[in-house]
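Topology and contacts: notes
Each chain, written out:
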Amino acid sequence: MTRLQGLVCLVAAALMLVEVAVLETRLAFLAAGLATSAVALASVHWLATRRGEGRAALLYAVGVLGAVGGYCYLALAPSGAISPQDEVIDWGRMDKRPLIFGYLGMAAFIAFHSLWVAFVQEPRSPALPSGGVLSRRWSARLLGALGIALLASCWLGLPALRSAEVDSGEGLAKFYDLHAHVHLSALQQIRLGAIPYLEAQTQYGPGNQLLLGALTDFVHFSNHGFLAANLLLNTVCIIVFFVVIQQFLGFGWAAAGLVGWVLWPSPVERIDLAGWAVLTRWLVVPILALWLAWLLLGAGAARRGWPAVVLAGMAWGAGGFLSQENLSGGLLVLIFSLALFAPASGLSPKRLWCFAGLFLLAGAMAFAALVSFFMGPSHLIEVVALANAKSSLVMAGVSNSIWSDNLGLNLSWNIVDGRLETNLAASGEFRELILTYALVFLFLISLGLLAAFLGRRWGTADEPTRAFCVRFAGVAVGAFALHVFSLLRSDTSHLAGPSFLLGLFLLMLPVFLWRCLAPGKARTVLLVLSLAVIAEGVISGLGEVERRVAGLGGVWRDSVAVLELYDELRRHPSDVADRATLYSPLPRVQTAFRNHPDFTEADEFLGLLRDRLKGRAVELGSYRFDDLVAHPDTAYFLGGLRSVSGITSPKNSLWLRSEREAWIARVAGIGSGCLFFDAQSNKQLVEAWMRSVRPPQTMVTEPIAGRRQYGILACKSGAQS
């Protein structure tokens, strides 16, 4: 494509961006955008014909304008997850689809350009992939794995496990939290006979639910035991992740990654937020990124027959069963790995399609097999629909935490003795805000430079440079894909949680720029910028590094304390009828719970309700009981109650008015069971329940009263006609 042809495409793209900003309907944009594209493509074709060129320039123009037009259309179109007649009832909404589509669209254009140059404009015989990664002997790799596992345990894992210890002072422990009760109320349903995930709904994936349930039963089924189980799972994830890093990147980079987790936002910042910080939500994404880079560019190229591809696909399918983040993030990693690494992989377009098809088929079969085994094959479609429901709403911008709520900039000024004095103060998570959006540009620039190196210099580079590029390629693609989840939800937790590879990416970036970029002003500027980011991270995280280094001196003492705590938790039997034991089996920890001002009434109420139900299922129409039982999730868990609908956490499951209406209709349509309600309950739910009785059914109501009037229990009895 000549400069003039490129200018035509640039002008057409700019016009489409103006059109999408001015026009308010998709139909009007389609008409204007198609006309603009048609004129631009005709101009490109006419210029190519005059020069006696083929259709390569026209194909490239179609790709460019198609990408811009697609972005404009998606940014203008309303989300299919929320109809115009619907509304968000609990959370807020900040539609970030233009940003997300722009982020992914720019990366897709980089990949498209790389593929077009490699296979259309300048087809050349592909260079052999690098053999430098994983070429060490198995004994060296085993010793390295043991060493990095020990370092990860002492540096990150052991401090995390220590947070399972609870101070017996005043106030409820930090594990008594809504995020934990979302899981525990659902796990309580499974213990009472519900189908996992479908009749015990959470938004963290069916596999994560089953895994956390098994670990909680192993430690102790209680709020305290759930925290300990969650921390144990996260520690295992950390060790596995850094062992994988060591295997694919080497011991030095794995050790650097351990430091990077402390200098920049990483999962370790939220590792003790039980229920939310379940690291298996994202773990498979970075592993797949490193795996595919090794398989396409590194030593794994010699082993990329169908068994290796099938194994990688099965890992993706298993990750998708764990969580929706693994499913969508793994798919992004596959797409961009194949597109960016294709020019240097030695694979023809036909073999690339076969690679992708085999990977996807193996993943789909693994996912279907796991769902069929744990939930039954007849529930496969239901599981997929439920997993996709909330991810679509998040993509549409529904969120419970946006930075605009807790971030402020305050500029004050004053004149003293004729001089202007100003003060700029930032409140909230200002550093995290800047980092989140600055990384968008850094990732896109890095992907562009990586694609250029793989397409132009891969064949002439020396073996050490190519080996390093393989390492950096996996880290860059994985970090890029994981950052999508940070952009979707604007808060520090969602920046830290998915950022498995962020610290390592920032530490490797200057080395990549130095080794893989040609000398010049651009390299100098980017090197200075990347080193400045590292310097800022060191300055911000130096105190935390010093604290963790000092903590290494107490490794033996901390290890003994952790083992004693887990042994103590496991020694106590579970008692679902004792609310204090469900809080924690440790008497010294129970004190704060028993001494809570609302404990006596809450204990009495849940005991009375359980006795009246006599094993029947109940739907709690009352959202809040008191300060101790502030959510239905907590009541289902502490009371050992079976939900009629399987939705034990309305706040975390019912985000739209249509979802709440469907929940009310579902509860009212059930032929047997009970509804508990009080004066503050949802009136629509109560009215629908009371009107749902049809002869020969009857409705029996009775008050639940003790120290005070707690509410009304209305139970259906008899057969439904």
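Remember, predicted model here, so these are calculated numbers, not experimental data.

1. Thoughts on the overall build of the protein
From N to C terminus, the protein includes 28 helices and eight strands. Taking all 721 residues of the protein together, 53% fall into the buried category. Summed over its atoms, the accessible surface of the protein is roughly 31,200 Å², and 64% of this surface lies on carbon and sulfur atoms.

2. Concerning the state of the cysteines
If you walk through the whole model with that rule in mind, you get one disulfide. Here Cys 674 pairs with Cys 715 through a disulfide, and the sulfurs are 2.0 Å apart. Residues Cys 674 and Cys 715 share a disulfide whose torsion about the S-S bond is about 110°; that sign makes it right-handed. Taken together, the positions of Cys 674 in strand E6 (residues 673-677) and Cys 715 in strand E8 (residues 709-717) put the pair 41 residues apart, joining distant regions of the chain.

3. A look at empty space enclosed by the protein
Across all of its chains, the model carries four cavities of 30 Å³ or more by this definition. Of the volumes computed, that of the largest cavity is approximately 80 Å³. As for the largest cavity, its lining consists of Phe 605, Leu 620, Ser 622, Tyr 623, Arg 624, Phe 625, Val 629, His 631, Pro 632, Ala 635 and Phe 676. Of the residues contributing to the lining of the largest cavity, the split by class is eight nonpolar, two polar and one charged.

4. Considerations on the sheet that holds strand E7 (residues 698-705)
Remark on secondary structure: sheet strands pair via backbone hydrogen bonds, oriented parallel or antiparallel. On the basis of which strands lie adjacent, the open sheet formed by four strands has the order E5-E6-E8-E7 and mixed pairing. In this open sheet, the two strands that pair with only one neighbour each are strand E5 (618-620) and E7. Taken pair by pair, the neighbouring strands of this sheet meet at an average axis angle of 20°, ignoring direction. Summarising the sheet, E7 and E8 pair through eight bridges and their orientation is antiparallel.

5. Notes on the nonpolar core
Residues Phe 341 and Phe 505 are the most contacted members of the largest nonpolar core, which totals 175 residues. Take this core: its biggest share by element is 16 residues, from helix H17 (residues 463-488). Excluding anything up to four places from it in sequence, Phe 505 contacts Leu 442, Phe 443, Ser 446, Phe 472, Val 475, Ala 476 and Ala 479. One finds Trp 663, Val 667, Leu 685 and Val 686 within the second-largest nonpolar core, a separate group that totals 13 residues.

6. Regarding the packing of aromatic side chains
As enumerated under the stated definition, the model contains 30 aromatic pairs in all. Where Phe 241 meets Phe 242, the ring centres are 5.0 Å apart and the plane angle is 75°; that geometry is what we call edge-to-face. You can call Phe 241 buried: its relative accessible area is 2%. On the numbers, 4.9 Å between centres and 90° between planes, the contact of Phe 373 with Phe 374 is edge-to-face. With relative accessibility at 67%, the residue Phe 373 sits in the exposed group. We classify Phe 374 as partly exposed; its relative accessible area is 37%. What links up through ring pairs into an aromatic cluster is the set Trp 253, Phe 443, Phe 468, Phe 472, Phe 505 and Phe 512.

7. Details of the confidence of the model for the protein
Overall, the prediction assigns the protein a mean pLDDT of 86, with 89% of residues at 70 or greater. The low-confidence segment residues 403-409, where pLDDT is below 50, has 22 contacts with residues more than four positions distant or belonging to other chains.

8. Here we look at unusual backbone geometry
For the peptide bond that leads from Pro 695 to Pro 696, omega is 10°, which places it in the cis range. On the secondary structure map, Pro 696 appears in the loop between helix H28 (683-691) and E7. The residue Tyr 197 is not glycine, and still its phi comes out positive at about 70°. Even without being a glycine, Lys 614 presents a positive backbone phi close to 55°.

9. Comments concerning the layout of surface pockets
Taken as a whole, the largest pocket holds about 1,000 Å³ of empty space. Lining the largest pocket we find 46 residues, and of these Glu 325, Lys 390, Ser 391, Val 394 and Arg 489 sit closest to its centre. Counting residues per element, the ones that place at least two in the lining of the largest pocket are helix H4 (97-121), helix H6 (178-191), helix H12 (324-345), helix H14 (380-395), strand E2 (398-399), H17 and helix H18 (492-496). Residues that form the lining of the largest pocket fall into these classes: 25 nonpolar, 16 polar and five charged.

10. Structural notes on helix H9 (residues 251-263)
With 13 residues, H9 extends 19 Å between its outermost C-alpha atoms, agreeing within 8% with the 18 Å of an ideal straight helix rising 1.5 Å per residue. Looking at the buried residues of H9, the elements they touch are helix H5 (138-162), helix H8 (223-249), helix H16 (430-457), H17, helix H19 (502-516) and helix H20 (521-551).

11. Brief notes about the pattern of salt bridges
Evaluation of the coordinates by the stated rule reveals 17 salt bridges. Across the pair Asp 272 and Lys 174 runs a salt bridge, and its minimum N-O distance is 3.0 Å. With Asp 272 in the loop between H9 and helix H10 (284-296) and Lys 174 in the loop between H5 and H6, the pair connects residues that are 98 residues apart, well separated along the chain. Taking relative accessible area as the criterion, Lys 174 reaches 53% and is therefore assigned exposed. In this structure, the salt-bridge partner of Arg 588 is Glu 568, at a minimum N-O distance of 2.8 Å. Here Glu 568 lies in helix H21 (residues 555-571) and Arg 588 lies in helix H23 (residues 587-594), a separation of 20 residues in the sequence. A relative accessible area of 41% places Arg 588 in the partly exposed class.

12. Comments concerning the packing of H8 against H10
It is the contact of H8 with H10, at a shortest axis distance of 10 Å, that shows an interaxial angle of 15°. Of the possible angle classes, the one that applies to H8 and H10 is roughly parallel. As H8 packs across H10, the resulting crossing turns out to be left-handed. Residues Phe 241, Val 244, Ile 245, Phe 248 and Leu 249 of H8 form the contact with H10, whose participating residues are Pro 286, Ile 287, Leu 290, Trp 291 and Trp 294. Here the contact of H8 with H10 is built from residues that sort into ten nonpolar, no polar and no charged.

What counts and what doesn't
- All residue numbers here refer to positions counted from 1 along the written sequence of the relevant chain.
- Totals for whole chains, interfaces and linings use every residue, but because this is a predicted model, local features are given only for residues with pLDDT of at least 70 and side-chain atom pairs only at 80 or more, for both listing and counting.
- With hydrogens and water excluded, all non-hydrogen atoms of the structure serve as input to the side-chain values.
- We count a stretch as a helix when DSSP gives it H or I for four or more residues in a row; a strand needs E for two or more, and each element gets its number in order from the N terminus.
- Categorising residues by exposure relies on relative accessible area from a 1.4 Å probe, with only protein chains included: less than 20% of the type maximum marks a residue as buried, more than 50% marks it as exposed, and the intermediate range marks it as partly exposed.
- Values of accessible area rely on a 1.4 Å probe in the Shrake-Rupley scheme; residue burial ignores everything except the protein chains shown.
- Our working definition of a disulfide is a cysteine sulfur pair at a distance within 2.5 Å.
- Lining residues are defined by having an atom within 4 Å of a point belonging to a cavity or pocket. Those points lie on a 1 Å grid over the protein atoms alone, cavities being sets where a 1.4 Å probe fits but cannot get out and pockets being open sets with protein on both sides within 12 Å along at least five of seven lines.
- Grid points are joined across faces, edges and corners, and a volume is the space filled by probe spheres set on the points.
- Charged means Asp, Glu, Lys or Arg here, nonpolar means Ala, Val, Leu, Ile, Met, Phe, Trp, Tyr, Cys or Pro, and polar covers whatever is left, Gly included.
- Only when DSSP finds a minimum of two bridges between them are two strands counted as paired.
- Convention adopted: a line fitted to C-alpha atoms gives each axis, helices being fitted over their contacting stretch, and angles between N-to-C directions are expressed from 0 to 180 degrees.
- By convention a nonpolar core is built from buried Ala, Val, Leu, Ile, Met, Phe, Trp, Tyr and Cys residues, the set being connected through side-chain atoms within 4.5 Å.
- By definition in these notes, contact holds between two residues if any of their heavy atoms fall within 4.5 Å.
- In this analysis, rings of Phe, Tyr and Trp, with Trp reduced to its six-membered ring, are considered paired at centre separations within 6.5 Å, and the interplanar angle assigns stacked below 30 degrees, edge-to-face beyond 60, and tilted for intermediate values.
- The predictor rates its confidence in each residue with pLDDT, a number between 0 and 100.
- Expected helix span is taken as 1.5 Å per residue step, with the number of steps being one fewer than the number of residues.
- Take a side-chain nitrogen of Lys or Arg and a carboxyl oxygen of Asp or Glu: if they are within 4 Å of each other, that pair is a salt bridge.
- When describing relative orientation, an angle under 35 degrees is termed roughly parallel and one over 145 degrees roughly antiparallel, while 65 to 115 degrees is termed roughly perpendicular and anything else oblique.
- Crossing handedness is defined as follows: a turn of the near helix away from the far one that is anticlockwise and smaller than a right angle gives a left-handed crossing, while the clockwise case is right-handed.

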